[in-house]
Amino acid sequence: MSAFAYRDGVLSADGVPLDWVASSVGSPVYCYSGGAITTAYRAFEAAFDSRPETRGRTTICYAVKANGNLSVVSTLAALGAGCDIVSEGELRRALAAGVPPGRIVFSGVGKTRDEMAYALQAGIMQINVESAEELEALSRVATACGRTARVAIRVNPDVDAETHSKISTGQRHDKFGVAWDEAPGLFRRARKLPGIDLVGIAVHIGSQLIRLEPYRQAFRRIVELVHGLRADGVPIRRIDFGGGLGISYRGETPPDIDAYAGIIAEAVRGLDCDVVIEPGRRLVGPAGVLLTRVVRVKKTPERSFIIVDAAMNDLVRPAMYDAYHEFLPVRRPAPDAPAAEVDIVGPICESTDIFARDRLLPPVKEGDLLAIANAGAYGAVMSSEYNGRPLVPEVLLQDGTWKIVRRRPTWDEMLALEAPALDRER
Ligand code: LLP
């Protein structure tokens, strides 16, 4: 059940009608439902708490990349979440939001030495290493700062996640993880290196997974590897199963969280090890909408264009991955309103600034407010100022009230980091 539903004819969430927010903050504006984030987190927690294999041994590390707004991360931190971070910037966000360092894992193929040092000084739970070269560098950095890095090695299981090729990460040709055949050697090497405490193994095969089967296959391979490593005398105390659980953008039926927990419980049965998961999209995607106003309805001999005030710089997913996002009128249309096929586009000077083609929409006119659904994940975080457009403000809805959690910058602020060219004599 979506947190966003019509109440008295107006799309609302957490007891807040969305037209209130837009008329006060302006548009476009991202709105996040605190209630929906909480419900989604609790569903993960309950699923992993209900099984003896995972109860009390699972750390839910929210993938900050999905939505790094401090209000979102701190909502999850207050519920007990840890974080999966991929940069010093995300680590700083997680710490600022109150996530204990002992619940933070650091993923990513290109951690710099400075980032490694910062993470070690913060004392985070685990660094997921993705190559032999990275392991050697981390050992040197840890030794230099007099710290020990708790390390998991991310293995590439060469499994097809059956998702969009741009968000698939667990196949042989992908840049992620250590190649299957090279993994055992690297684990053995990790045990010998100074400054490295090898704690576990990590895997992540992709994002927006709609079927559980690819997970089953990947996890089976990982468990096989764990048995082999242990037989070889390499202790593995923790398995990080990554993220990737999909959501319903267009009527898909994504796997339920309980069934996902079941697969992980099955994988670790008898292994006596701790579990980490790194969900991002599933926690925050359905919890967010991007509100946008119709700037103009433009009819050409060929088509009808609904030009809205949000654009690809605010929500890049349709332009970047051909992603589908549902559009909902904020004022509920009359049940007998005739729907027509329209193209919904932004104002940016690029042909790819199209949110939807041939979309059936009830009649809309200039000034109408629309909500772009499932925009809570990989929305605001991927935005830019392209075409001189200010970053969109963000609002958190909670318990009948709302709060601006990122304000719209002023025009002066947008220029403040830059400088004109040198003054030269002509
Ligand atoms: N862990 C790792 C190592 C990851 O690379 C990712 C996502 C996650 C966890 C979280 O995955 P999630 O549960 O959110 O699927 N911008 C794309 C998605 C990129 C995902 C990158 N990695 C999109 O808009 O679809």
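Topic: the domain arrangement of the protein
Then step 1. As assigned here, the protein comprises domain 1 (5–31 + 285–416) and domain 2 (34–281).
Then step 2. Between domain 1 and domain 2, the C-alpha centre-to-centre distance is 32 Å.
Then step 3. Contacts between the two partners involve 23 residues from domain 1, matched on the other side by 20 residues from domain 2.
Then step 4. Around 1800 Å² of area is buried between domain 1 and domain 2 when both sides are counted, 53% of it from carbon and sulfur atoms.
Then step 5. Together, Tyr-321, Tyr-324 and Tyr-378 form the three largest contributors to the area buried by domain 1 at its contact with domain 2, with a combined 31%.
Then step 6. For the pair domain 1 and domain 2, the interface holds 0 salt bridges.
Then step 7. Contributing elements (two or more residues each) for the side of domain 1 that touches domain 2: helix H11 (317–321), strand S20 (394–398) and strand S21 (401–406).
Then step 8. Counting residues per element, the side of domain 1 that touches domain 2 draws most heavily on S20, at 4 residues.
Then step 9. A class-by-class count of the residues in the side of domain 1 that touches domain 2 yields 11 nonpolar, 6 polar and 6 charged.

Quick look at helix H9 (residues 257–268)
Then step 1. The end-to-end C-alpha separation of H9 is 17 Å, in line with the 16 Å expected for 12 residues at 1.5 Å each.
Then step 2. Most of H9 is tucked away: 9 of the 12 residues are buried.
Then step 3. Along H9, the residues classified as buried are Ile-257, Tyr-260, Ala-261, Gly-262, Ile-263, Ile-264, Ala-265, Ala-267 and Val-268.
Then step 4. If you follow the buried residues of H9, they end up packed against helix H2 (34–49), helix H8 (213–231), strand S12 (238–240), strand S13 (274–277) and helix H10 (281–284).
Then step 5. Near the N-terminus of H9, the side chain that reaches the backbone nitrogen of Asp-258, with its oxygen 3.0 Å away, is that of Asp-256.
Then step 6. Positive phi shows up at Gly-270, right after H9, with a value of about 80 degrees.

Considering the site of the ligand
Then step 1. The immediate surroundings of the ligand are formed by 18 residues, with Ser-207, Glu-278, Arg-317, Tyr-321 and Tyr-378 found nearest.
Then step 2. At 2.6 Å from an oxygen atom of the ligand is found a side-chain nitrogen or oxygen belonging to Arg-317.
Then step 3. Most atoms of the ligand, that is more than half of them, are within 2 Å of grid points of the largest pocket.
Then step 4. Residues that form the shell around the ligand fall into these classes: 6 nonpolar, 6 polar and 6 charged.
Then step 5. Looking at which domains feed residues into the shell around the ligand, each of domain 1 (5–31 + 285–416) and domain 2 (34–281) gives three or more.

A closer look at the layout of surface pockets
Then step 1. Volume-wise, the largest pocket comes out at about 970 Å³.
Then step 2. Lining the largest pocket are 44 residues, and of these Val-64, Lys-65, Val-86, Glu-90 and Tyr-378 lie nearest its centre.
Then step 3. Of all the secondary structure elements, the ones that give two or more residues to the lining of the largest pocket are helix H4 (88–96), H11 and S21.
Then step 4. The residue inventory of the lining of the largest pocket, partitioned by class, reads 18 nonpolar, 13 polar and 13 charged.
Then step 5. Counting the residues that make up the lining of the largest pocket, at least three belong to each of domain 1 (5–31 + 285–416) and domain 2 (34–281).

A look at the pairing of strand S6 (residues 82–85)
Then step 1. Residue alternation in S6 divides its side chains into two sets, Gly-82 and Asp-84 and Cys-83 and Ile-85, and both sets are buried.
Then step 2. Summarising the sheet, strand S5 (residues 58–63) and S6 pair through 3 bridges and their orientation is parallel. For Cys-61, the partnering residue across the bridge sits in S6 and is Gly-82.
Then step 3. The parallel pair S5 and S6 is bridged by helix H3 (residues 70–78), and the resulting crossover is right-handed.

Rules of the game
- Residues numbered from 1 in each chain as written.
- Predicted model: local features only at pLDDT ≥ 70, side-chain atom pairs only at ≥ 80, totals over all residues.
- Heavy atoms only, no water.
- Domains from an automatic or database assignment.
- Contact = heavy atoms within 4.5 Å.
- Buried area = accessible area lost by both parts, 1.4 Å probe.
- Salt bridge = Lys/Arg side-chain N within 4 Å of Asp/Glu carboxyl O.
- Helix = DSSP H or I, 4+ residues; strand = E, 2+ residues; numbered from the N terminus.
- Nonpolar A, V, L, I, M, F, W, Y, C, P; charged D, E, K, R; others polar.
- Expected span 1.5 Å × (residues − 1).
- Buried < 20%, exposed > 50% of the residue type's maximum accessible area, 1.4 Å probe, protein only.
- Polar contact = N/O pair within 3.5 Å; in protein donor to acceptor, adjacent residues only side chain to side chain.
- Near = heavy atom within 4 Å.
- 1 Å grid on protein atoms, 1.4 Å probe; cavity = no way out; pocket = protein on both sides within 12 Å on 5 of 7 lines; lining within 4 Å.
- Sits in = over half its atoms within 2 Å of the grid points.
- Points joined across faces, edges and corners; volume = space filled by probe spheres on them.
- Pairing = 2+ DSSP bridges.
- Right-handed = clockwise from strand over helix to strand, strands pointing away.

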